Amino acid sequence: MAKYSIIVPAYNEEKALQFFYDAVTPLMRSLQEEYEIIFINDGSRDATKEILRGLADLDKRVKVCNFSRNFGQQAALLCGMEMASGDAVIAMDADLQDPPEVALEMIAKWKEGYDVVHGRRKKRKGETVFKRATAYVYYRFMRKITKMEMPADVGDFKLYDRKVVNALLSMGEHDRLLRAQTAWVGFKQTFVEFDRPERVAGETHYTLKKMVKLAEAGVLPNTDYHLTFPIKLGFLLSIASVLCFITFIVLSCIGVNFGGLVAWLFPSIAFLGGIILVCQGFANLHTSMIYKEVQNRPKYIIAEKYNFDE
Ligand code: UDP
Ligand code: MG
């Protein structure tokens, strides 16, 4: 019999929590397997803490972690994974925007042998055109620049097999976007689709500023494109300026007038700029190597092991 851990970050969700509990509990009970619901109270300033206390008193399957302050949804998800004891971990928002019945579909996929089941949003109700447009651009940009298969229209509503959870927990970095890390670790991944409803109560916590931070956390730890780009640009500039020099020399040899001394200034500056960029780029490359060492990610992840016991 499998055990499931539902992990739920909650920040000022006093209005939504009872709805969430009432929706999820009967579904999980219907499975007739073991489960736990772990709420991570991310430093809420409303009655979230008291409400969770009440739920935990009534139901031993409800577990709660209270953060000392607001650390953000990504940190809450990390905590949930660390505390979870299930064979499969399902991350869900507290506001019922991740429909609980879809979690059952995820469990069915997991039983078929998938290690990660992403919830993919078909429709995005109650989201502004701006949010949709930025999400669209971001995921396409992200895939191009990081060369990772980070799926579009996918948030943190996912099921993770135990071995995926262990792999994610072995990644040490502080700046984390779980979605990007999930793409990085690999394993057998699949999707279930769902219509994303509006939140059941309360308001979104994601301001533009928080979204930008999240976007950075997804890109910068997973690419060194911005660091190596100066090398490419520098070489390009240097080559262009050398070609320019050669053209000028040929022109002056055959006696064509092309602007005198001032004209030579252009390729000279470009050449110097090119050299500076290349040097800077190499220094950046070194920074990138140091960053990877500091990140101290595992160099590989083993998906399965056979006959290795003892
Ligand atoms: N959340 C959190 N810490 C934060 C912000 C949000 O734990 O600093 C939780 C929030 O309670 C919810 C989930 O993360 O369960 C998603 O947040 P929200 O619904 O505000 O985001 P949206 O669905 O609008 O993108
Ligand atoms: Mg929400």
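Here is a short report on the structure shown in this document. Counting of residues starts from 1 at the beginning of each chain's written sequence and follows it residue by residue. Lettering for chains starts from A, numbering for ligands starts from 1, and both go in the order in which the items are written. Reporting of local features is limited, given that this is a predicted model, to residues whose pLDDT is at least 70; pairs of side-chain atoms are given and counted only at 80 or more, and all residues count toward the totals for whole chains, interfaces and linings. Neither water nor hydrogens contribute to the side-chain values; these are computed over all heavy atoms in the structure.

1. Describing the nonpolar core
Within soluble globular proteins, side chains that are nonpolar tend to cluster in buried spots.
Then comes step 1: In terms of nonpolar packing, the biggest core is built from 32 residues, with Phe20, Phe39 and Ile90 touching the most fellow members.
Then comes step 2: For the purposes of this entry, the term helix denotes a DSSP run of H or I that reaches at least four residues, the term strand denotes a run of E that reaches at least two, and both are numbered from the N terminus. Those elements giving two or more residues to this core turn out to be strand 1 (3-10), helix 1 (17-30), strand 2 (34-41), helix 2 (48-58), strand 4 (88-91), helix 4 (100-112), strand 6 (154-161) and strand 7 (189-196).
Then comes step 3: In what follows, a contact means two residues having at least one pair of non-hydrogen atoms within 4.5 Å. Setting aside residues up to four positions removed in sequence, Phe20 forms contacts with Ile6, Val8, Ile37, Phe39, Met92, Asp93, Ala94 and Leu96.
Then comes step 4: By convention a nonpolar core is built from buried Ala, Val, Leu, Ile, Met, Phe, Trp, Tyr and Cys residues, the set being connected through side-chain atoms within 4.5 Å. Burial here depends on accessible area, computed with a 1.4 Å probe over protein chains only, as a share of the maximum for the residue type. Under 20% is buried, over 50% is exposed, and the range in between is partly exposed. Core analysis: the next-biggest nonpolar cluster, separate from the first, contains 22 residues, Ile40, Ala76, Val185 and Phe187 among them.

2. Brief notes about helix 6 (residues 162-169)
A turn of α-helix holds 3.6 residues, and therefore any two residues three or four places apart point the same way.
Then comes step 1: All of the buried residues in helix 6 are Val164, Val165, Ala167 and Leu168. Seen end-on, helix 6 carries its buried residues on one side only, within an arc spanning 160 degrees.
Then comes step 2: Identification of polar contacts relies on pairs of N or O atoms within 3.5 Å, with a donor-acceptor requirement for protein atoms, meaning one able to donate a hydrogen and the other able to accept it, and with residues adjacent in sequence counted only if both atoms are side-chain atoms. Its side-chain oxygen at 3.0 Å from the backbone nitrogen of Lys163, Asp161 defines the N-terminal cap of helix 6. It is the directions from the helix axis to the C-beta atoms that the arc portrays.

3. Section: unusual backbone geometry
Then comes step 1: One non-glycine residue with positive phi stands out, namely Gln32, at about 55 degrees.
Then comes step 2: Summarising the element assignment, Gln32 is placed in the loop between helix 1 and strand 2.

4. Some points on the site of ligand 1
Then comes step 1: The immediate surroundings of ligand 1 are formed by 19 residues, with Glu13, Asp42, Arg199, Thr204 and His205 found nearest.
Then comes step 2: Side-chain polar atom of Gln97 to an oxygen atom of ligand 1: 2.8 Å apart, as the coordinates give it.
Then comes step 3: Contacts to ligand 1 include Thr204, whose side-chain N or O atom sits 2.5 Å from an oxygen atom.
Then comes step 4: Residue burial considers only the protein chains on display, and all accessible areas are found by Shrake-Rupley using a 1.4 Å probe. Contact with the protein chains hides 95% of the accessible area of ligand 1, taken as 530 Å² for the molecule alone.
Then comes step 5: Across the shell around ligand 1, the residue classes tally to five nonpolar, six polar and eight charged. We call a residue near a molecule or strand when any one of its heavy atoms sits within 4 Å of it. Residues are grouped as follows: Ala, Val, Leu, Ile, Met, Phe, Trp, Tyr, Cys and Pro are nonpolar; Asp, Glu, Lys and Arg are charged; all remaining types, including Gly, are polar.

5. Examining helix 10 (residues 261-295)
Then comes step 1: Helices are assigned an expected span. That span is 1.5 Å times one less than the residue count. Here helix 10 is 35 residues long and its end C-alpha atoms lie 51 Å apart, about the 51 Å a rise of 1.5 Å per residue gives.
Then comes step 2: Taken together, the buried positions of helix 10 are occupied by Ala263, Pro267, Ala270, Gly274, Val278, Gly281, Asn284, Ser288 and Gln295.
Then comes step 3: The positive-phi residue at the C-terminal boundary of helix 10 is Asn296, with phi of around 55 degrees.

6. Description of the pattern of salt bridges
Opposite charge on two side chains permits pairing when their charged atoms draw close.
Then comes step 1: By definition here, a salt bridge exists when the distance from a side-chain nitrogen of Lys or Arg to a carboxyl oxygen of Asp or Glu is within 4 Å. Summed over the entire model, instances satisfying the criterion amount to 13 salt bridges.
Then comes step 2: In this structure, Arg196 engages Asp93 in a salt bridge whose closest nitrogen and oxygen atoms are separated by 3.4 Å. Pair noted here: Arg196 is in strand 7 and Asp93 is in the loop between strand 4 and helix 4, with a separation of 103 residues, a long-range link. Residue Arg196 shares its accessibility class with Asp93, and that shared class is buried.
Then comes step 3: Each of Lys3, Glu36 and Lys63 takes part in a single network of salt bridges with overlapping partners.

7. Quick word on the packing of aromatic side chains
Then comes step 1: Here a pair means two rings of Phe, Tyr or Trp (six-membered ring of Trp) with centres within 6.5 Å. Their orientation is stacked below 30 degrees between planes, edge-to-face above 60, and tilted elsewhere. Considering all chains together, one arrives at eight aromatic pairs under this definition.
Then comes step 2: Ring geometry for Phe20 against Phe39: centres 5.7 Å apart, planes inclined by 75 degrees, an arrangement best described as edge-to-face. Here Phe39 lies in strand 2 and Phe20 lies in helix 1, a separation of 19 residues in the sequence. The exposure classification of Phe20 matches that of Phe39, with both residues buried.
Then comes step 3: A centroid spacing of 5.5 Å and a plane angle of 90 degrees characterise the contact between Phe67 and Phe71, whose relative ring orientation is edge-to-face.
Then comes step 4: Every member of this aromatic cluster is reached through a ring pair, and the members are Phe245, Phe248 and Trp264.
Then comes step 5: Remark: a charge is flagged as sitting over a ring if the NZ atom of Lys or the CZ atom of Arg is within 6 Å of the ring centre and within 35 degrees of the ring normal. When the ring centre of Phe191 is taken as origin, the NZ or CZ atom of Arg120, which lies over that ring, is 4.0 Å away.

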